[in-house]
Amino acid sequence: MIHQSAWIGKNVSLGENAIIGPEVIIGDNTTIGSNVIIHKGTIIGSNVFIGDLTSLGKQPMANKKMARKPSSELPPLSISDGVTIGGNCVIYRGTILHQGVLVGDLASIRENTEIAENSIIGRNATVENNTRIGKQVTVQTNAYITADMVIEDDVFIGPCFSSSNDKYMGMGNYRHQGPVLKKGAKIGNNATLLPGIIVAENAIVGAGAVVTKNVAQGKTVVGNPARQLD
Amino acid sequence: MIHQSAWIGKNVSLGENAIIGPEVIIGDNTTIGSNVIIHKGTIIGSNVFIGDLTSLGKQPMANKKMARKPSSELPPLSISDGVTIGGNCVIYRGTILHQGVLVGDLASIRENTEIAENSIIGRNATVENNTRIGKQVTVQTNAYITADMVIEDDVFIGPCFSSSNDKYMGMGNYRHQGPVLKKGAKIGNNATLLPGIIVAENAIVGAGAVVTKNVAQGKTVVGNPARQLD
Amino acid sequence: MIHQSAWIGKNVSLGENAIIGPEVIIGDNTTIGSNVIIHKGTIIGSNVFIGDLTSLGKQPMANKKMARKPSSELPPLSISDGVTIGGNCVIYRGTILHQGVLVGDLASIRENTEIAENSIIGRNATVENNTRIGKQVTVQTNAYITADMVIEDDVFIGPCFSSSNDKYMGMGNYRHQGPVLKKGAKIGNNATLLPGIIVAENAIVGAGAVVTKNVAQGKTVVGNPARQLD
């Protein structure tokens, strides 16, 4: 089903039963998988690949218990040239994926997020809202990027990484604060970052470390709680 | 495809290619996404939202190696008024979601589970069978709720939480025992709970803690193994 | 949509809108869910169950930043008799699932992987490429099996397990080395294994342990970093 107001470029390969909503734009030489759903207004560049059973441009949801209601007015989802997206992904309206980004199967990315050139979001990884991810960043499989995080260029995040942004765990009026990972920081698999932690340039967080204090530039921390190696 | 024995209320919005099975009931003003599959007998209330590519009312599966075979006779999946369910979710037959529950994208919930009013099951979270979750509970993104858990009202579970229920890791005839989280308990991100652990009322488990002993009322534990702060 | 070159056995139950690609083979008494996508050349045995919204036989993806490009020539995905696969799964071309394997909902399995008889890959678990998994292995829910791992027969891997294979976290020309789990090893929930770690026969890794050194036969390790119990 292609809505009559959608615009489809040249040499686009459309999978079986792809559902293309109103005002969607799809650039040349792009491949859309089967059973894909592209919501209203989504902008997709040229030479993009979208896997099967993925939905793009979804509106945020909410219930009574949620601390922060999503904004109702969001710009369209924008997917630049050469982006590759896996199967069974969910990507929200209000987000920008820059050129060459790769998103693995079963990943999800919420609203108001921006991911710069050639970065990788691994399979089954989850990226929350209001997050900035730089260039050539690797977010490995099953990693969890909480809301309000800032991840600079060339950061490496290992598989099963866990972050959080709410020091009072739903109790307080605390302003949520995601961790900040500075340029070139490297985080081992299954490491845990507490809310607001800053990992400075080229610092290393060991696998399984639980980071309760900021990590200084170029230093390495390991353990629970994480302590600095000399 | 709507089966002729299904009952669809007023002002229901059905997505493209939604598959509505026999004896399904859908209440007024409910929205069903595209490519959604609703299996036989599922009961959905009014003002419900179901995201794209979700399947509801699935029968449990098994193979030779599985310790516990699922029961073959299960009541239908019941989804109350005002429930919101994300995209690419899988929810089994034999489960009840009460009014106002929110289930994030890519989450899955097994059979014989009950989730009370206004609770949140985060994106990519997994809830196993035979679990009771109280009111106003938050289960954050990517958290894992093992089988046979009891989670009381107002509990907060951080992202990437891990629980288990099999002390002998598949070796013994041990009766599986899920952890119990009492009213108001708060669990930090990526914390690990061993089988049968009880976290008492308003106790706090720090991020990344590995909890090997019960946690007393109102107390805080941190570290690996977790020890009580005074 | 069934491609004219596909071969469908007797008593096959095809869900609504299943998409069966060219040269696919499906054995007798097999059940295919709704909105399933089966890519070119996939071979499926008899008495197989495939859940809704799953895609089978997908080609690997890549972008500029990826260290290792996937091989372009892969044999078809092969699914043996009596295999059960959940809903919303993604399984790649170039992989073999042997008789009686169970794959849970929302799991994904990459190329060049082989899983032997009656093993279980839990819900939301992720198995990377070039991995060998033996017989009667349990990989529980949400566990992460990195690339190049070897998992022998009768291994038990608890929920939320994390592994990695890149000691230099994307910095070096290091040859990636996945952990090796020898016959009968048991790994607790949310344990972390560093690259190349060997867990010997019948050894036990406690829940939440961070394993930085090899584990000797029949021994138990716990803590962060993991130390051996006497």
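A brief look at the structure comes next. Just so we're clear, the structure is a prediction, and the values are computed from it rather than from any experiment.

## Points about the overall build of chain A
At step 1: Helix and strand counts for chain A stand at 0 helices and 32 strands.
At step 2: Taken over the C-alpha trace, chain A has a radius of gyration of 18 Å; the compact-globule value for 230 residues is 17 Å, and the two agree within 12%.
At step 3: When its C-alpha atoms are laid out on the principal axes, chain A stretches across 60 × 35 × 20 Å.
At step 4: Taken over 230 residues, chain A has a buried fraction of 62%.
At step 5: Pairs at least 24 apart in sequence give 21% of the contacts found in chain A among residues at least 6 apart.
At step 6: As presented, chain A carries roughly 8,200 Å² of accessible surface, and 48% of it is formed by carbon and sulfur atoms.
At step 7: Charged side chains of chain A number 20 positive and 18 negative; the gap between the two group centres comes to 9 Å.

## Looking at the environment of Ile96 of chain B
All names here are of chain B.
At step 1: Of note, Ile96 is situated in strand 13 (residues 96-97).
At step 2: Judged by relative accessible area, Ile96 falls into the partly exposed class, the value being 30%.
At step 3: For the pair Ile96 and Thr113, spaced 17 residues apart in the sequence, the C-alpha separation amounts to 6.4 Å.
At step 4: Filtering out sequence-adjacent residues up to four positions away, Ile96 remains in contact with Ser78, Thr113, Glu114 and Ile115.

## Some words on the side chain of Glu128 of chain A
At step 1: As for its position among the elements, Glu128 of chain A is in the loop between strand 18 (126-127) and strand 19 (132-133).
At step 2: On the basis of relative accessible area, Glu128 of chain A is assigned to the buried category, the value being 5%.
At step 3: A distance of 2.9 Å separates polar atoms of two side chains, one belonging to Glu128 of chain A and the other to Arg123 of chain B.

## A look at the relation of the copies chain C and chain B
At step 1: When chain C is fitted onto chain B, the two copies agree to an RMSD of 0.0 Å after a turn of 120° and an axial shift of 0.0 Å. Such a combination of turn and shift is consistent with a three-fold rotation axis.

## Details of the interface of chain A and chain C
At step 1: Contacts between the two partners involve 43 residues from chain A, matched on the other side by 47 residues from chain C.
At step 2: Carbon and sulfur atoms supply 56% of the area that chain A and chain C bury against each other, a total of about 3,100 Å² over both sides.
At step 3: A per-residue breakdown of the area chain A buries against chain C is headed by Leu106, Arg123 and Asn189 of chain A, which together make up 17% of the total.
At step 4: Summed over the shared surface of chain A and chain C, the result is 2 salt bridges.
At step 5: Here Glu128 of chain C ties to Arg123 of chain A by a salt bridge, and the two come within 2.8 Å at their closest N and O atoms.
At step 6: There are 18 residue pairs in polar contact (both at pLDDT 80 or more) connecting chain A and chain C.
At step 7: Taken together, the elements giving at least two residues each to the side of chain A that touches chain C come down to strand 11 (84-85), strand 14 (102-103), strand 26 (186-187) and strand 29 (204-205) of chain A.
At step 8: Grouping the constituent residues of the side of chain A that touches chain C by class yields 16 nonpolar, 22 polar and 5 charged.

## Here we look at the interface of chain C and chain B
Accessible area lost upon the coming together of the parts serves often as the stated size of an interface.
At step 1: Chain C puts 43 residues into the contact, and the matching count from chain B is 47 residues.
At step 2: Together chain C and chain B conceal approximately 3,100 Å² of surface at their shared face, both sides included; 56% is due to carbon and sulfur atoms.
At step 3: Here chain C and chain B share 2 salt bridges between them.
At step 4: Residues that form the side of chain C that touches chain B fall into these classes: 16 nonpolar, 22 polar and 5 charged.

## A look at the pattern of salt bridges
At step 1: Counted according to the given criterion, the structure contains 18 salt bridges over all chains.
At step 2: As a salt-bridge pair, Lys182 of chain B and Glu152 of chain B come within 3.8 Å of each other at their nearest N and O atoms. Of this pair, Lys182 of chain B sits in the loop between strand 25 (180-181) and strand 26 (186-187) while Glu152 of chain B sits in the loop between strand 22 (150-151) and strand 23 (156-157), placing them 30 residues apart in sequence.
At step 3: The exposure class of Lys182 of chain B is partly exposed, given its relative accessible area of 26%.
At step 4: When its relative accessible area of 25% is taken as the criterion, Glu152 of chain B is described as partly exposed.
At step 5: Through salt bridges with shared partners, a single ionic network connects Arg110, Glu111 and Glu128 of chain A together with Arg123 of chain B.

## Quick look at the side chain of Lys186 of chain A
At step 1: Note on placement: Lys186 of chain A falls in strand 26.
At step 2: One buried charged residue, Lys186 of chain A, forms no salt bridge at all, with the nearest opposite charge on Asp154 of chain A at 7.5 Å.
At step 3: Aside from chain neighbours lying at most four places away, what touches Lys186 of chain A is Asp154, Phe156, Ala203, Ile204 and Val205 of chain A together with Tyr168, Met169 and Met171 of chain C.

## Some details on the state of the cysteines
At step 1: Tallying each qualifying case throughout the model produces 0 disulfides over all chains.
At step 2: With no disulfide of its own, Cys89 of chain A lies closest to Cys89 of chain B among cysteine sulfurs, the gap being 14 Å.
At step 3: Counting only cysteine sulfurs, Cys160 of chain A is the nearest neighbor of Cys160 of chain B, a cysteine outside any disulfide, at a range of 8.5 Å.
At step 4: Note on Cys160 of chain B: relative accessible area 7%, which makes it buried.

Calculation criteria
- Residues numbered from 1 in each chain as written.
- Chains lettered and ligands numbered in written order.
- Predicted model: local features only at pLDDT ≥ 70, side-chain atom pairs only at ≥ 80, totals over all residues.
- Heavy atoms only, no water.
- Helix = DSSP H or I, 4+ residues; strand = E, 2+ residues; numbered from the N terminus.
- Rg over C-alpha atoms; globule rule 2.2 N^0.38 Å.
- Buried < 20%, exposed > 50% of the residue type's maximum accessible area, 1.4 Å probe, protein only.
- Contact = heavy atoms within 4.5 Å.
- Areas by Shrake-Rupley, 256 points an atom, 1.4 Å probe, with all protein chains shown as cover.
- Lys, Arg positive; Asp, Glu negative; His and termini not counted.
- Charge placed at Lys NZ, Arg CZ, Asp CG, Glu CD.
- Polar contact = N/O pair within 3.5 Å; in protein donor to acceptor, adjacent residues only side chain to side chain.
- Least-squares fit on C-alpha atoms with pLDDT ≥ 70 in both.
- Buried area = accessible area lost by both parts, 1.4 Å probe.
- Salt bridge = Lys/Arg side-chain N within 4 Å of Asp/Glu carboxyl O.
- Nonpolar A, V, L, I, M, F, W, Y, C, P; charged D, E, K, R; others polar.
- Disulfide = S-S within 2.5 Å.

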